[in-house]
Each structure stands twice: as structure tokens, then as C-alpha cells.
Amino acid sequence: IQQMFLGLGAAGDKYWYLIYGNTSSNTETFTAHVLDSDDNIYVVGYDQSGDQGSADGLSVKFDKEGALQWQYAAGGGNNDNWFACALDNSKNLYMYGVSYYKKAFLKRTASSPSSLSYQKKWHNGSSTTIQAAASNSSNQFYVGMSGSSNSSSSRARVLRTNTSMGIYDERGFYYNNKNIYVRDLTIDSSGNIIVVGKGNDHPWPGGGGVDTDMGFVIKFNSGLTEQWQKLIGGSSATNINGCSTDSSDNIYVVGTDVTGGNGSIVAKINSSGTLQWQRKITANDFKGSTFDCINDSSDNLYVIGKAATGQYGWIAKWNSSGTLQWGRIWKTPTSSDEQDFSKIRLDSNE
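Residues numbered from 1 in each chain as written. Predicted model: local features only at pLDDT ≥ 70, side-chain atom pairs only at ≥ 80, totals over all residues. Heavy atoms only, no water.

1. Observations regarding the overall build of the protein
Across its full length, the protein carries zero helices and 26 strands. Relative to the globule expectation of 20 Å for 350 residues, the C-alpha radius of gyration of the protein, 20 Å, shows essentially globular dimensions. Considering only C-alpha atoms, the protein reaches an extent of 55 × 45 × 40 Å along its principal axes. The buried share of the protein, taken over its 350 residues, is 49%. Taking the contacts inside the protein whose residues are at least 6 apart along the sequence as the reference set, 42% of them involve residues at least 24 apart. Averaged over its 29 positive side-chain charges, the protein has a centre that lies 5 Å from the centre of its 32 negative ones. (Helix = DSSP H or I, 4+ residues; strand = E, 2+ residues; numbered from the N terminus. Rg over C-alpha atoms; globule rule 2.2 N^0.38 Å. Buried < 20%, exposed > 50% of the residue type's maximum accessible area, 1.4 Å probe, protein only. Contact = heavy atoms within 4.5 Å. Lys, Arg positive; Asp, Glu negative; His and termini not counted. Charge placed at Lys NZ, Arg CZ, Asp CG, Glu CD.)

2. Some thoughts on the sheet that holds strand β10 (residues 118–122)
Taken together, four strands build an open sheet; the order of strands is β7-β8-β9-β10 and the sheet is antiparallel. Both edges of this open sheet fall to β7 (80–87) and β10, since each of them pairs with a single strand only. Adjacent strand axes in the sheet meet at a mean angle of 20 degrees, parallel and antiparallel pairs treated alike. Relative to strand β9 (residues 102–108), strand β8 (residues 93–99) is paired through seven bridges, and the arrangement is antiparallel. Its bridge partner lying in β9, Val 98 is registered against Lys 103. (Pairing = 2+ DSSP bridges. Axes fitted to C-alpha atoms, helices over the stretch in contact; angles between N-to-C directions.)

3. Examining the packing of aromatic side chains
Tallied over the entire structure, the rule returns 14 aromatic pairs. Relative to Trp 277, the ring of Tyr 252 lies with its centre 6.2 Å away and its plane at 65 degrees, an arrangement referred to as edge-to-face. Of this pair, Tyr 252 sits in strand β20 (residues 251–257) while Trp 277 sits in strand β22 (residues 275–281), placing them 25 residues apart in sequence. Residue classification places Tyr 252 among the buried positions, given a relative accessible area of 0%. Clustering of aromatic rings is evident, with ring pairs tying together Tyr 17, Trp 330 and Phe 341. (Phe/Tyr/Trp six-rings, centres within 6.5 Å; stacked < 30°, edge-to-face > 60°.)

4. Remarks on the side chain of His 33
Mapped onto the secondary structure, His 33 falls in strand β3 (residues 28–35). Its relative accessible area of 17% is what places His 33 among the buried residues. Not counting residues up to four positions away in its chain, the partners in contact with His 33 are Ile 41, Tyr 42, Val 43, Cys 85, Lys 343, Ile 344 and Arg 345.

5. Quick look at unusual backbone geometry
The phi dihedral of Leu 224 falls on the positive side, at around 65 degrees, and the residue is not glycine. Among the structural elements, Leu 224 can be located in the loop between β17 (211–220) and β18 (226–232). The phi dihedral of Asp 299 is positive, around 70 degrees, even though this residue is not glycine. Relative to the elements of secondary structure, Asp 299 occurs in the loop between β23 (288–295) and β24 (301–307). In this structure Asp 299 comes out as buried when scored by relative accessible area, which is 14%.

6. Looking at the pairing of strand β25 (residues 313–318)
Put simply, side chains in a regular strand alternate between the two faces of the sheet. Counting buried positions along β25 gives five out of six residues, so the element sits mostly inside the fold. Relative to β25, β24 runs antiparallel, the two being bridged by six bridges. What sits directly across from Tyr 302, in β25, is Lys 317. One ladder, built from six bridges, connects β25 with strand β26 (residues 324–330); its direction is antiparallel. By the bridge assignment for β26, Lys 317 is matched with Trp 326.

7. Focus: the nonpolar core
Within the largest apolar cluster, 16 residues are counted, with the highest numbers of intra-cluster contacts made by Phe 173, Ile 193, Val 195 and Phe 220. When residues of this core are traced back to their parent elements, those giving at least two are β11 (129–135), β13 (155–161), β15 (180–187), β16 (193–203) and β17. At four residues, the largest contribution of residues to this core is made by β15. By size, the runner-up hydrophobic cluster in this structure holds 14 residues, among which are Val 266, Leu 301, Tyr 312 and Trp 314. (Core = buried A, V, L, I, M, F, W, Y, C linked by side-chain atoms within 4.5 Å.)

8. A closer look at the environment of Tyr 15
Following the sequence through the fold, Tyr 15 ends up in strand β2 (residues 14–19). We classify Tyr 15 as partly exposed; its relative accessible area is 48%.

9. Here we look at the confidence of the model for the protein
Where the model shows low pLDDT, its predicted coordinates should not be examined in detail. Looking at the protein as a whole, the pLDDT averages 87, with 92% of positions reaching at least 70. At the level of individual helices and strands, the protein shows its lowest average pLDDT in strand β1 (residues 2–8), which scores 42, and its highest in strand β19 (residues 238–245), which scores 96. Low pLDDT (under 50) marks residues 1–11, which in the prediction has 27 contacts with non-local residues, meaning those over four places away or in another chain. (pLDDT = per-residue confidence, 0-100.)

As C-alpha cells, this is what we get:
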């Protein structure tokens, strides 16, 4: 582990970054993280050259200053990758992903994280994976997954589970046997579930007989009854990769749209599903891949991604009216390195 001091915050908090793993082989990837009430950081991902065979799933805990608390891998003789995570009220960590083409749930307890206290695998044909998860204060977990069964197209599902990974509710959705992929989900202040992703070859809302990849937003209530759905995109491929909600349960989504040239998109939708505004970023520093977003207590929006030119991470701040406040890029000192920001969370100091 390499760690570097970058400065001091106004409240005395350290600003830092760290690089985790073997910097010679560069086989480790972090895909998601979550913070507890003490600002400890739990991160999941995978090591492409794991000790157990192909890829091993990784789970790591750091304190708020970046000091390693524990690190563990899990896997078998084939690929094991964790793509999402969540915490319960007791700070137990739940990890989600794929284990040799089976959807995988795993749990590490706060008191004994070195062993898996629970694991469950579901099989639904090949290329099935979990990429989104979130928990509420009642220790209920919502999980978004995509995958195909046999030779059929990829269908999407959302599950409501408990701490033992038993299923309360399950909802599946698809469109005319076209591929559907869940990329992210979040829970608003009323317990509704917002799910975003992309669908292949959907009819463009602008008409003209054009079928293209479209981003989608679906709102479910807490029992997974659909409230509304909305497509977002232009006449060329659009992906929606991340979502968040503000204090009024407005929904913000981010992604990429190549209509008229590659660009990052940011959009705001009210709780009834009406588009409030949509922006496209075409500046070289902030276009490319846009992965995630989050709102602060003042309803400002922070958006992250990876630049198409230069291969570095970026972060931008927007206010709730859709006005860009600032943008920053981030690079390591090594010019040949590539960085991308894939997930963002705010700590207790925002």
C-alpha cells in the first residue's frame, strides 16, 4: 500500500490518497465502497490474479484517514468479482457480484471479518451479475442484477432481501427480448427505489424509426411496485451509469451520450418523473465515461468519471439548477498511469 499526504482540511481532517495492491502487476480493481457512521471506508472489488485461481473477490476496510484495518479475499478456481456492497445497522458488510456465472451474496461481520459468515449463490444462466445494492435503516437490502438465461436476451431484476439474504420481493423487467442492464440504484427519503441502467436497441423517443441504446430510469415503491419509468438519450447510444436523490426526492442521473459527439450527461428528474433539466459536457477534461454522482445536504451534485483524452479521473460540482460550479481533474505523478473515478460517497463532513 502506498499512501501520500496531500494537505489538511479546514477542520483538521487529512486529505490523502492511497494506491492499493501490487503496483507491478496492477491486477487489482476497486469497484464500490460504503462509509459507516464513523467514516470508516469499506471497499470491494477483485484481484484478477487471485491466489485461488482466476479472479478473487476483494473486501477491504480503511479508517477515515486511510489506514488499513483489514483486507480479505474470497474465491474459487474460477472468476469471483464483487461489484457492489452495503452495510447493515451493525456495520456488517454485504458484498455482491458474480462467482463463476452465479450471482453471489456474501457477508462479513464487524466482529469477525476474517471469515464469511454467510454466502449464497443463485444461478440464472450465463453472464448474470449483480452491479448495484443499497440498504435502508430497517436492514432491508435492494439489489439490482442483469443477466441472460440460456440463449435469451439479458433481463433485469430488482430484489428486496433481508440480513440472511432471504428474498421478500422480486421484480423483473425487459423490453421485447432486448438486452437490459442495471447499473445503479438508490433509495430516496420515502423509501422508494430508483433504478438506472441501459437497454440495447430501444426506439428513440424522438422518432424517425431509429433504434439505439437508451438510458432508463425506473421508480419503484418500497414493495417494488413500479411507479413510473423514463427513457433518456438521443439518436445515438446513451448509457445511464449512476443516480442519486436530493432532500426533495428529485432524482439526478449521470452517464454518457455519443449523439453528435461523445459527451458526459447530467440530468435532473422530479419525483413524478418529469425532466427538469439535462446537460451535456463536451469539454475534453470532463467527457468520456461518467460513472456516479451524489448530492450533499444543500442539494448540490457531485459527478465523477474518466476523461476520454488523457485517461485520468475527474470530479465536477453542479448546483440544483444545473449550473456547473467547478471541475477538477486528478492524476498520479506517473504519466503512464490511468485513473478513473467509479464510485463516490460523502463522509460526515460532506
